[in-house]
Amino acid sequence: MKLTKEEFYNIYPRAIKGLYEELYNVIHYYKINTIHREAYFLGQLAHESQGFRSLEENLNYSVSALRATWPKRFPPDVAAKAARHPQQIANIAYNGRMGNAIGSNDGYKYRGRGLIQLTGKDNYILYGRKVGIDLLINPDLASTGQIACEIAGAYWDDIKGNGYADLRQYTNLTKRINGGTNGLQDRNVQKNRILRIIGSR
């Protein structure tokens, strides 16, 4: 890992303790071994985890935020009733897709967790198998440091993140991770601040 532990915590002073060591292992294992690979990987994770300090999706949405984020799933009347109710929001937003059953609590049970914000029952099954943990039964394990890092590494490998970095395709990488360009400006900020440090040596 080209970013030192001191540099990591200087950039992200509120990052979860012990996370650097777990990231170090994952970066080595998945050959995230150039300055662009590392900056692209860490930049995306930094955005998804609010600077490496949150390993669970914040679902405390206001009416306006619900309308902006999921306009089709939250028409005005639905948004007004669901606002500030995380469990209700997750079930409306995520049920009926990603393996989550309609009319269940799956949306909330398999809400976004970890550094890559793993979401949906199907993904919990898939990445649980990849990292050797039963996330279907114990979804909260996805928001623990070591498992969160291992999932992020496995996901990065699956989407061929190194290839996007090698081709300098950060916007396309964001679309692959996010399904769109949500948060692209901040993702670029995170990537560039890391690049400035490790690219200057």
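Everything discussed here concerns the structure shown above.
Residues numbered from 1 in each chain as written. Predicted model: local features only at pLDDT ≥ 70, side-chain atom pairs only at ≥ 80, totals over all residues. Heavy atoms only, no water.

Considering unusual backbone geometry
Unusually for a residue other than glycine, Gln 50 sits at a positive phi of about 55°. Along the polypeptide, Gln 50 turns up in the loop between α3 (35-48) and α4 (63-69). Even without a glycine there, the phi angle at Arg 84 is positive, about 70°. By secondary structure assignment, the location of Arg 84 is in the loop between α5 (76-82) and α6 (86-94). The class of Arg 84 is partly exposed, set by a relative accessible area of 48%. (Helix = DSSP H or I, 4+ residues; strand = E, 2+ residues; numbered from the N terminus. Buried < 20%, exposed > 50% of the residue type's maximum accessible area, 1.4 Å probe, protein only.)

What to know about helix α8 (residues 121-131)
For an α-helix, 3.6 residues make a turn, and residues three or four places apart therefore share a direction. Within the span of α8, buried status applies to Tyr 124, Tyr 127, Gly 128 and Val 131. The buried residues of α8 occupy an angular sector of 110° when projected down its axis, which confines them to one face. The inward-facing, buried residues of α8 contact α9 (145-158). One or two positions beyond α8, positive phi appears at Gly 132, with a value near 75°. (Arc of directions from axis to C-beta. Contact = heavy atoms within 4.5 Å.)

Looking at the pattern of salt bridges
The final tally for this structure, using the stated rule, is 6 salt bridges. The partner of Arg 113 in a salt bridge is Asp 140, and the shortest N-O contact between them spans 3.0 Å. Of this pair, Arg 113 sits in the loop between α7 (106-109) and α8 while Asp 140 sits in the loop between α8 and α9, placing them 27 residues apart in sequence. The class of Asp 140 is partly exposed, set by a relative accessible area of 48%. (Salt bridge = Lys/Arg side-chain N within 4 Å of Asp/Glu carboxyl O.)

What to know about α9
Under the 1.5 Å per step criterion, the end-to-end length of α9 is 20 Å for 14 residues, consistent within 8% with the ideal 20 Å. Turning to α9, its buried residues number three or more, namely Ile 147, Ala 148, Cys 149, Ile 151, Ala 152, Gly 153, Ala 154, Tyr 155 and Trp 156. If you follow the buried residues of α9, they end up packed against α2 (19-29), α3, α8, α10 (161-166) and α11 (170-178). Following α9 by one or two positions, Lys 160 has its phi on the positive side, about 60°. (Expected span 1.5 Å × (residues − 1).)

Comments concerning the environment of Ala 90
Inspection of the secondary structure assignment puts Ala 90 in helix α6. For the pair Ala 90 and Tyr 110, spaced 20 residues apart in the sequence, the C-alpha separation amounts to 8.8 Å.

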